[in-house]
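# Residue-level structure breakdown
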Amino acid sequence: MKKVIRITENDLTRIVKRVLNENVIDYPFPNRKTISIINNEGKNVDVDCELAQTPEEKKQGLLYRDGIEDNCGVLFDSDRNSAYHMVDMAFPIEMIFINGGQIVEIIKAQPGQKNIVPEDSFAMNLEVKDGFCKQNNISVGNNVLLGDVINESVDKRKEKFLKTMIALADMGETSKTLGLSEKEMSMLTPYVIEAIKKFIKSKEVFNTDDYPEVSTGTYEDVKFTLKYNGIDTYKSHNYEGFDIYIDFNVLDGVVDLPIVYDELGIEVIEQHNVVDVLNGSLDFEYNNDMSYEVGYEIREIIYNIIEINIPLKRMVNVDLVLEKI
């Protein structure tokens with residue numbers, strides 16, 4: 001069953017702004033904590049909070065999202081003279097201002113509002129779904145229990161980044177369209193190299209007919225083997241790249257070639273065995289380098305088969321060097 005990836009308008013806006021280098025970052029933010037609000041009934045209401053700690057996280061907040069889940073929120077530490085804005089926000093929220101472990105003010109904020117500042121001083125602002133306070137019987141004066149920060153591991157963050165990039169690659173995005181930095185591409189490179197090696201080992205014999213999504217022109221039922229033959233690193237003044245060497249051997253297959261003309265000058269299509277053509281069977285007969293042309297076209301087909309099965313390759317500086325044996 002083909003996987004369908006849905007992308008929202010806010011996702012597209014976020015991607016476009018990343019391409020334009022407008023410091024748009026991915027969410028959810030990596031650091032979290034769970035806080036508890038003691039409501040008017042004396043019950044604990046837990047809120048899973050993303051922590052807006054860096055300047056970029058504080059600036060972005062809940063922008064470029066389509067909503068927020070129940071009992072989830074973004075928690076801001078107060079800066080001096082902090083003011084909050086709802087410009088470009090897609091949905092209303094509630095801002096719960098906290099000081100000294102107690103709620104000092106609750107403001108219902110609407111998209112487009114600017115310069116939102118509570119009357120009382122505050123140390124934190126918790127932004128939650130609109131209607132959260134009424135639904136949970138929360139009001140000014142309720143106490144707030146602050147939990148410990150949950151720091152997401154580096155491996156976990158890399159895993160999320162990888163999944164996001166794979167999804168975008170499946171949609172046809174590339175490192176250029178997303179404006180990925182060299183650091184971001186270098187994070188993906190080991191996964192791509194390992195995926196290529198794994199694909200090469202996945203079959204003893206490959207067949208072009210098994211990949212209908214790859215255009216093969218007039219070639220049919222081309223069987224071939226692949227063998228990993230090493231990797232070279234190259235560097236330019238501003239980036240690092242890799243050449244992966246792959247040996248391929250064509251075992252069988254047919255190709256229709258327009259190479260015979262009758263006495264009336266009409267082009268005739270003839271079917272030939274690919275292996276014979278690669279071995280030069282037509283080079284002398286038709287006074288051309290047909291073996292080279294067919295070899296080049298088969299390289300392109302194999303290249304496309306590998307790339308369509310590893311779309312993440314479009315996100316990195318990894319080139320395939322295919323050599324016929």
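Summary of the structure given here. All values reported here derive from a predicted model rather than from experimental measurement.

Enumeration according to the criterion identifies zero disulfides in this entry. Not engaged in a disulfide, the cysteine Cys 49 finds its nearest cysteine sulfur in Cys 72; these two sulfurs lie 8.4 Å apart. We classify Cys 49 as buried; its relative accessible area is 0%. Using a relative accessible area of 22% as the deciding quantity, one classes Cys 72 as partly exposed.

So, about the pairing of strand 4 (residues 93–99). Burial of strand 4 is extensive: six of the seven residues sit out of reach of the surface. Of the strand pairs in this sheet, strand 4 and strand 5 (residues 102–109) are connected by seven bridges, and their pairing is antiparallel. When the bridges of strand 5 are listed, Ile 98 appears paired with Ile 103. Connecting the antiparallel pair strand 4 and strand 5 is a turn made up of two residues, with Gly 100 showing a positive phi of about 60°.

What follows is about the side chain of Ser 36. Mapped onto the elements of the fold, Ser 36 is located in strand 1 (residues 31–38). Within polar-contact distance, the side chain of Ser 36 engages the side chain of Asp 46 at 2.4 Å. The residues contacting Ser 36, other than those within four sequence positions of it, are Asn 44, Val 45, Asp 46, Asn 143, Val 144 and Leu 145.

Before going further, it helps to spend a moment on the nonpolar core. Grouped together as the largest cluster of nonpolar side chains are 47 residues, with contacts concentrated most on Leu 188, Ile 196, Leu 226, Ile 246, Val 274, Ile 298 and Met 315. Those elements that place two or more of their residues in this core are helix 4 (154–170), helix 6 (182–201), strand 10 (219–235), strand 11 (240–261), helix 7 (274–278), helix 8 (290–309) and strand 13 (318–324). With residues near it in sequence (within four places) discarded, Ile 196 still touches Ile 244, Ile 246, Ile 310, Val 318 and Leu 320. The next biggest cluster of nonpolar side chains, apart from the first, holds 20 residues, and it includes Val 74, Tyr 84, Val 104 and Ile 107.

Using the criterion set out here, one finds 10 salt bridges in the structure. The residue Asp 221 makes a salt bridge to Lys 223 at a minimum N-O spacing of 3.0 Å. A relative accessible area of 30% places Asp 221 in the partly exposed class. Lys 223 sits in the partly exposed class, given a relative accessible area of 26%. Across the pair Glu 240 and Lys 235 runs a salt bridge, and its minimum N-O distance is 3.8 Å. Through salt bridges with shared partners, a single ionic network connects Glu 94, Lys 108 and Asp 130.

Let us look at the pairing of strand 1. Note: strand 1 against strand 2 (residues 44–52), seven bridges, orientation antiparallel. What sits directly across from Ser 36, in strand 2, is Asp 46. Two successive antiparallel strands, strand 1 and strand 2, enclose a turn made up of five residues, where Gly 42 displays a positive phi of approximately 80°. With two bridges connecting them, strand 1 and strand 7 (residues 144–145) associate as antiparallel partners. Across the sheet, Ser 36 pairs through a bridge with Leu 145, a residue of strand 7.

Our next topic: helix 6. Between its terminal C-alpha atoms helix 6 stretches 29 Å, which fits the 28 Å expected from 20 residues at 1.5 Å a residue. Along helix 6, the helix axis deviates most sharply at Leu 188, where the bend reaches about 30°; the proline Pro 190 sits within four residues downstream. Within the span of helix 6, buried status applies to Glu 184, Met 185, Leu 188, Thr 189, Val 192, Ile 193, Ile 196, Phe 199 and Ile 200.

With respect to the secondary-structure elements, Gly 295 resides in helix 8. Through-space distance from the C-alpha of Gly 295 to that of Val 274 is 9.0 Å; in sequence the pair is 21 residues apart.

With respect to the secondary-structure elements, Leu 162 resides in helix 4. The exposure class of Leu 162 is buried, given its relative accessible area of 15%. Those residues in contact with Leu 162 that lie beyond four places of it in its chain are Leu 188, Tyr 191 and Leu 312.

Definitions and limits used
- Residues numbered from 1 in each chain as written.
- Predicted model: local features only at pLDDT ≥ 70, side-chain atom pairs only at ≥ 80, totals over all residues.
- Heavy atoms only, no water.
- Disulfide = S-S within 2.5 Å.
- Buried < 20%, exposed > 50% of the residue type's maximum accessible area, 1.4 Å probe, protein only.
- Helix = DSSP H or I, 4+ residues; strand = E, 2+ residues; numbered from the N terminus.
- Pairing = 2+ DSSP bridges.
- Polar contact = N/O pair within 3.5 Å; in protein donor to acceptor, adjacent residues only side chain to side chain.
- Contact = heavy atoms within 4.5 Å.
- Core = buried A, V, L, I, M, F, W, Y, C linked by side-chain atoms within 4.5 Å.
- Salt bridge = Lys/Arg side-chain N within 4 Å of Asp/Glu carboxyl O.
- Expected span 1.5 Å × (residues − 1).
- Bend = angle between axes of the 7 residues up to and from the residue.

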